[in-house]
Amino acid sequence: MPQIRRHRLLPLALAALLASALPTLAQAGDDDAPPPSMAELLDASSPADWRSLDPENTVYLELDAGRVIIELAPDFAPAHAENVRTLARGHFWDGLSVYRSHDNFVVQWGDPESGDARRPVGAARDALPAEFERNASGLEFHALPDADGWAPEVGFAAGFPAGRDPHEGKAWLAHCYGMVGAGRNAEPDSSIGAELYAVIGQSPRQLDRNITLVGRVVKGIELLSSLPRGPEPMGFYEDPAQRTPILSVRLASEVPAGERLRLQALRTDSAAFAELVEARRNRRDDFYKRPAGHIDLCNVMLPVRVAAD
């Protein structure tokens, strides 16, 4: 588990969308025509299949190597998302660092000396409730058709990979590659969003419903996943010179329009997304000799593109 302080859709199921996509794909096979590739499916999508990222919920993490862009998830972690926005406006992370790179797990950034004398958080709240899960009522949840070992149902909600338990009436975000969480100590309500981590290894789904997830990296994850690994057992850099300096963390809404990257995400409640999922569930290109007929939640692509001018 991340030691986050040092030492310390339209009401339409994705399954139904997948079913509606199957005749088109099957017809391509009947005609002996090659099935559309994932790139072709994206090229064939319409503007309505895409949504623009909200600048108020988009965070720019600026490193020497470039920009990491994070989309916040206020539908699942509203208090943490608000704190992250407040911390960004207050320039909390400017001059801090990425101080941990745990192989096949996470990278972590914030104040490496955090503890009882942690850096002041300004106007941000210094205590938040744990936001491990939310009430599933009213949440547009688009379920995958395949079984999952970590949740009774998995799929997508508000554009993020999620799990759901219909009997409990609860839903939660899943620890897939690129997801961003708020580090905490042993107490469930000890995170405030000042210490963040991104998943860079095989999806640690055992952390689902145990840590508050605040969003996901939508661009620039390679700038984090390629960082040199810190020493065992936790990946914290022992030599401060190994840390990666953070130039700034800003909300996209506070960045001049000419400096923003106008990103769009494929809507997870669209037929285009359903076709993309089915194309990955049953790869039909020449390389694949045995289509799987199954896909893991964290292996589903969540496409993002730069909006056309």
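Notes on the structure follow.

What counts as what
- Residues numbered from 1 in each chain as written.
- Predicted model: local features only at pLDDT ≥ 70, side-chain atom pairs only at ≥ 80, totals over all residues.
- Heavy atoms only, no water.
- Buried < 20%, exposed > 50% of the residue type's maximum accessible area, 1.4 Å probe, protein only.
- Helix = DSSP H or I, 4+ residues; strand = E, 2+ residues; numbered from the N terminus.
- Pairing = 2+ DSSP bridges.
- Axes fitted to C-alpha atoms, helices over the stretch in contact; angles between N-to-C directions.
- Contact = heavy atoms within 4.5 Å.

Every second residue of strand β15 (residues 263-266) is oriented toward a common face, with Leu263 and Ala265 on one face and Gln264 and Leu266 on the other, all of them buried. The pairing of β15 with strand β16 (residues 304-306) spans 3 bridges and is classified as antiparallel. The partner of alanine 265 across the bridge, within β16, is valine 304.

Attention shifts here to the sheet that holds strand β3 (residues 66-72). The strand order β2-β3-β13-β11-β12-β5-β4-β14 describes a closed barrel built from 8 strands, whose pairing is antiparallel. Sheet twist, expressed as the mean angle between neighbouring strand axes with direction ignored, is 35°. Across 6 bridges, strand β2 (residues 58-63) lies against β3 in antiparallel orientation. Note on β3: the bridge partner recorded for tyrosine 60 is isoleucine 69. Against the sheet, helix α3 (residues 78-89) touches β2, β3, β11 (179-182), β13 (213-219) and β14 (244-251), its axis set at about 110° to β14.

The subject of this paragraph is the environment of leucine 87. As for its position among the elements, leucine 87 is in helix α3. Exposure remark for leucine 87: the relative accessible area of 1% places this residue in the buried category. Between the alpha carbons of leucine 87 and arginine 250 there is a distance of 8.9 Å; along the sequence they are 163 residues apart.

It is worth spelling out helix α5 (residues 271-281) at this point. Where burial is concerned, most of α5 is hidden: 8 out of the 11 residues are buried. Buried within α5 we find Ala272, Phe273, Ala274, Leu276, Val277, Glu278, Ala279 and Arg281.

With respect to topology, 5 strands assemble into an open sheet ordered β6-β10-β9-β8-β7, the strand pairing being antiparallel. Two strands in the sheet have a free side with no partner beyond their single neighbour: β6 (134-135) and β7 (141-143). The sheet contact formed by β7 and strand β8 (residues 153-157) spans 3 bridges and is antiparallel. Across the sheet, histidine 142 pairs through a bridge with phenylalanine 156, a residue of β8.

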